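# Report on the structure
Spelled out, the chains give:
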Amino acid sequence: MLLSGREIQEEIENGKLVVEPFDDDSIQPACVDLKLYSKILIQSSAPISGMSLDPETLNVEDHLNRYSEEVDLSSVQSYDFSPNGFIIGRTEEVVGLPHDLAGRVEGRSRLARLGVGVHITAPKIDPGFNNRITLEMYNFGPWTIKLTAGMTICTLLVERLSKPAEHGYSGMFQGIK
């Protein structure tokens, strides 16, 4: 069952759901808005010849760090997100879900109507997750979009499980970074 904004706020206030830092103004009728963290990874849009990747055996985080450029948005006014550009961002907020809640991250219509996909392939956030949410962002539109640290970038929908999960998320992206 999808939680209302009021229920999300209650879960945050009673300490079950973590959204830190939290701003009361981020609560919407059926979600909580999240902001863009200051550090983003920019990947080259040019194909890299001679490299074939097996996602099952690849250390994704190591690969991204090796073949991407990190930009700190707090040291620049904004980043120009070009058409056909792909970046990895994160939410400013750390999100922690108990075993009876799961989440889904969705883009905001304001950015979607300009052609920006904010969380294009992996919107599910498992129970037990505790970290900044990673955002796979692609600019499908014809315009360059200015990205700034702290801009509202996505929304988190929270769902209550009919029974708590037996165990929480423990994958490679667990833990605050």
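We now turn to the structure provided with this report. (Residues numbered from 1 in each chain as written. Predicted model: local features only at pLDDT ≥ 70, side-chain atom pairs only at ≥ 80, totals over all residues. Heavy atoms only, no water.)

## As for a negative patch on the surface
- On the surface, a cluster of negative charge is made up of Glu10, Glu13, Asp24 and Asp25.
- Tracing the sequence through the fold places Asp25 in the loop between β1 (18-20) and β2 (27-28). (Patch = residues over 30% accessible without salt bridge, like charges linked within 9 Å, V, L, I, M, F, W, Y side chains within 5 Å. Areas by Shrake-Rupley, 256 points an atom, 1.4 Å probe, with all protein chains shown as cover. Salt bridge = Lys/Arg side-chain N within 4 Å of Asp/Glu carboxyl O. Lys, Arg positive; Asp, Glu negative; His and termini not counted. Charge placed at Lys NZ, Arg CZ, Asp CG, Glu CD. Helix = DSSP H or I, 4+ residues; strand = E, 2+ residues; numbered from the N terminus.)

## Some points on helix α1 (residues 5-13)
- Every buried residue of α1 is listed here: Gly5, Ile8, Gln9, Glu11 and Ile12. Looking straight down α1, one finds that the buried residues subtend no more than 160 degrees of arc, so they occupy a single side. Seen from the buried face of α1, the exposed residues on the opposite side, beyond 90 degrees, are Arg6 and Glu13.
- In this structure, the buried residues of α1 make contact with β1, β2, β3 (31-35), β8 (101-107) and β13 (152-160).
- Phi turns positive, to about 85 degrees, at Gly15, one or two residues after α1. (Buried < 20%, exposed > 50% of the residue type's maximum accessible area, 1.4 Å probe, protein only. Arc of directions from axis to C-beta. Contact = heavy atoms within 4.5 Å.)

## Quick look at unusual backbone geometry
- Of note, the bond from Glu20 into Pro21 is cis; its omega dihedral lies within 30 degrees of zero at 0 degrees.
- In this fold, Pro21 is placed in the loop between β1 and β2.
- Non-glycine residue Asn84 carries a positive phi angle of around 65 degrees.
- Here Asn84 lies in the loop between β6 (79-81) and β7 (86-96).

## Details of the side chain of Arg132
- Considering the arrangement of structural elements, one finds Arg132 in strand β11 (residues 130-139).
- Despite being buried, Arg132 has no salt bridge partner; Glu92 is the closest side chain of opposite charge, sitting 6.9 Å away.
- From its side chain, Arg132 meets the backbone oxygen of Glu92 in a polar contact 2.5 Å long. (Polar contact = N/O pair within 3.5 Å; in protein donor to acceptor, adjacent residues only side chain to side chain.)

## Overview of the sheet that holds β8
- In spatial order, the strands read β2-β3-β13-β8-β10; together these five strands make up an open sheet with antiparallel pairing. The strands lining the two open edges of the sheet, one partner per strand, are β2 and β10 (124-125).
- Note: β8 against β10, two bridges, orientation antiparallel. Considered in β10, the bridge of Gly103 is made with Ile125. (Pairing = 2+ DSSP bridges.)

## Describing the nonpolar core
- In this structure, Ile133, Met137, Leu147, Ile153 and Leu156 are the most contacted members of the largest nonpolar core, which totals 35 residues.
- In terms of residues, this core owes the most to one element, β13, which gives four residues.
- With near-sequence residues (within four places) excluded, Leu147 lies in contact with Leu36, Leu73, Ser78, Tyr79, Phe81, Ile87, Met137 and Ile153. (Core = buried A, V, L, I, M, F, W, Y, C linked by side-chain atoms within 4.5 Å.)

## What to know about a nonpolar patch on the surface
- Residues Ile48, Met51, Leu53 and Tyr67 make up a contiguous nonpolar surface patch of roughly 350 Å² in combined accessible area.
- In this structure, Tyr67 sits in helix α2 (residues 60-67).

## Observations regarding the pairing of β13
- Two elements, β3 and β13, share four bridges in a ladder whose sense is antiparallel. In the sheet register, Val32 faces β13, and the bridge partner there is Leu156.
- In terms of strand pairing, β8 meets β13 through seven bridges, oriented antiparallel. Paired with Arg104 across the strands is Leu157, a residue of β13.

Purely spatial values, then, with no claim about function.
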